Amino acid sequence: VTFFFSYKTNNLTNQKLEAAAEAKRPANLDLVLITDESCKDCFNLNPILDNLKKENIKINSTQTISGASEEGKQLIVKLGIKKLPTFLVKGELEKNSVLAKFFSSTGETLDVTFVFRQVGGPYVDTDTGKVLGRVSMIMIIDSTCLECYDVTQHELILKQFGIYPATKVVDTKSTLGASLVNAYKIKMVPAFILTGDVNAYPDFKAVWPQVGIVANDGAYVFTKGVPFMGVYKNLTTNKVITPSPAPAQ
């Protein structure tokens, strides 16, 4: 009896140790990048891959395939890839809950291969071969308003829609800033103007009427949403306004 219970105890202990060791073991993954060399300013995958590599993983192999190659074309068709660049992952995709959540929320798994779908712009449309989603943003501030909200918050919000624009900040006191304020009849700052291929972002266009207008020349001008961002300056009255109650993001 003593031997039996001793054996069972040791066996359970070994099982727990093995389970703990297995939980600590890195997930073995293989990475495949599918790119389009012609698009030098296309969506940068590196920040996403860097975050992935911070998890408990081991990249056993990394391969880069041109979307224009025969192998690349076959993968694009087989996996229904619509935007480049993107990446594929094979291996222990569900080794831990963090990895499983990442893969389920950023793409889909087809034929034991994870396909990253959240490609922001600019990107290459695999159906047409054209680069879509090139956008520029001019952020307008009033340097005398030290209390005003941080205009760069807009960059973070746009990234949630997959928009990574070329950016510039101008002051209302500058020649360019003054001309933009006048041309687009901007009454409140900080604000921003978005130009370019905004049509590539339908989710963004759907919510835009709540926060801004589309000017006659096609520019997207952030107007109505300014009070929701925080403290701002009314250019008509030249007064700094603190919205009340506190704005909801």
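Details of the structure are given in the entry above.
Treat the numbers as computed from the prediction; the structure is a model and nothing was measured.

Draft legend 1. Just the side chain of D171, in detail. Relative to the helices and strands, D171 resides in strand β10 (residues 166–171). At 2.5 Å, the side chain of D171 and the side chain of S143 are in polar contact. At 3.3 Å, the side chain of D171 forms a polar contact with the side chain of T172. Other than its neighbours up to four places away in sequence, D171 contacts I141, D142, S143, G177 and A178.

Draft legend 2. Region of the structure containing the pairing of strand β4 (residues 86–91). Judged from the 6 bridges that link them, strand β1 (residues 27–35) and β4 form a sheet pairing that is antiparallel. Among the inter-strand pairings, D30 is bridged to a residue of β4, identified as K90. With 3 bridges joining them, β4 and strand β6 (residues 113–116) adopt antiparallel strand pairing. Counterpart to V89 in the pairing with β6 is F114.

Draft legend 3. View of unusual backbone geometry. The omega torsion across G121 and P122 is -5°, close enough to zero to call that bond cis. Relative to the elements of secondary structure, P122 occurs in the loop between β6 and β7 (123–125). With an omega of 5°, the peptide bond between V189 and P190 qualifies as cis. One non-glycine residue, D111, lies in the positive phi region at around 55°. Looking at the secondary structure, you find D111 in the loop between β5 (107–110) and β6. Judged by its relative accessible area of 54%, D111 is exposed.

Draft legend 4. Structural detail: the sheet that holds strand β11 (residues 188–189). Here we have 3 strands laid out as an open sheet, ordered β11-β15-β16, and antiparallel in their pairing. Two strands bound the open sheet, and with one partner strand each, they are β11 and β16 (239–241). In this structure, β11 lies alongside strand β15 (residues 232–234), joined through 2 bridges in antiparallel fashion. Residue pairing in the sheet places V189 in a bridge with K233 of β15.

Draft legend 5. Quick look at the packing of aromatic side chains. A complete count under the given rule lists 13 aromatic pairs for this structure. Plain terms: the ring middles of F102 and F103 are 5.3 Å apart, the flat faces sit at 75° to each other, and that makes the pair edge-to-face. A residue is classified by how much of its surface remains accessible, and F103, at 3% relative accessible area, is buried. Between the aromatic rings of F102 and F114, the centroid separation amounts to 6.4 Å while the plane-to-plane angle is 45°, which identifies the pairing as tilted. Of this pair, F102 sits in helix α4 (residues 97–106) while F114 sits in strand β6, and the two are 12 residues apart along the sequence. Taking the relative accessible area as the measure of exposure, F114 reaches 0% and is therefore buried. Pairwise contacts between aromatic rings join F161, F192, F204, W208, Y220 and F222 into one cluster. Positioned over the ring face of Y123 is K83, at 4.5 Å from the centre of the ring.

Draft legend 6. Seen up close, helix α2 (residues 46–53). Buried residues of α2: I48, L49 and L52, and no others. Looking straight down α2, one finds that the buried residues subtend no more than 95° of arc, so they occupy a single side. In this structure, the buried side of α2 is in contact with β1, β2 (57–66), β4, α4 and β6.

Rules behind the numbers
Residue numbers here run from 1 along each chain, matching the order of that chain's written sequence. In view of the model being predicted, local features appear only for residues whose pLDDT reaches at least 70, and side-chain atom pairs are presented and counted only at 80 or more, with totals across whole chains, interfaces and linings using the full set of residues. As a rule here, side-chain values cover all heavy atoms of the structure and leave hydrogens and water aside. Helix numbering and strand numbering both begin at the N terminus, where a helix is a DSSP run of H or I of at least 4 residues and a strand a DSSP run of E of at least 2. Contacts described as polar in this section are N or O atom pairs within 3.5 Å, which, within protein, must combine one atom able to donate a hydrogen with one able to accept it, while residues neighboring in sequence count only if both atoms come from side chains. The contact rule is simple, with two residues in contact once any of their heavy atoms fall within 4.5 Å. In short, DSSP must find at least two bridges between two strands for them to pair. Three exposure classes are used, based on accessible area relative to the maximum for each residue type with a 1.4 Å probe and protein chains only: buried under 20%, partly exposed in between, and exposed over 50%. For this analysis, a ring pair means two rings from Phe, Tyr or Trp (six-membered ring only for Trp) whose centres lie within 6.5 Å, classed as stacked if their planes differ by under 30 degrees, edge-to-face if by over 60, and tilted for the remaining angles. Geometrically, a lysine NZ or arginine CZ counts as sitting over a ring once it is within 6 Å of the ring centre and also within 35 degrees of the ring normal. Throughout, the arc means that of the directions going from the helix axis to the C-beta atoms.

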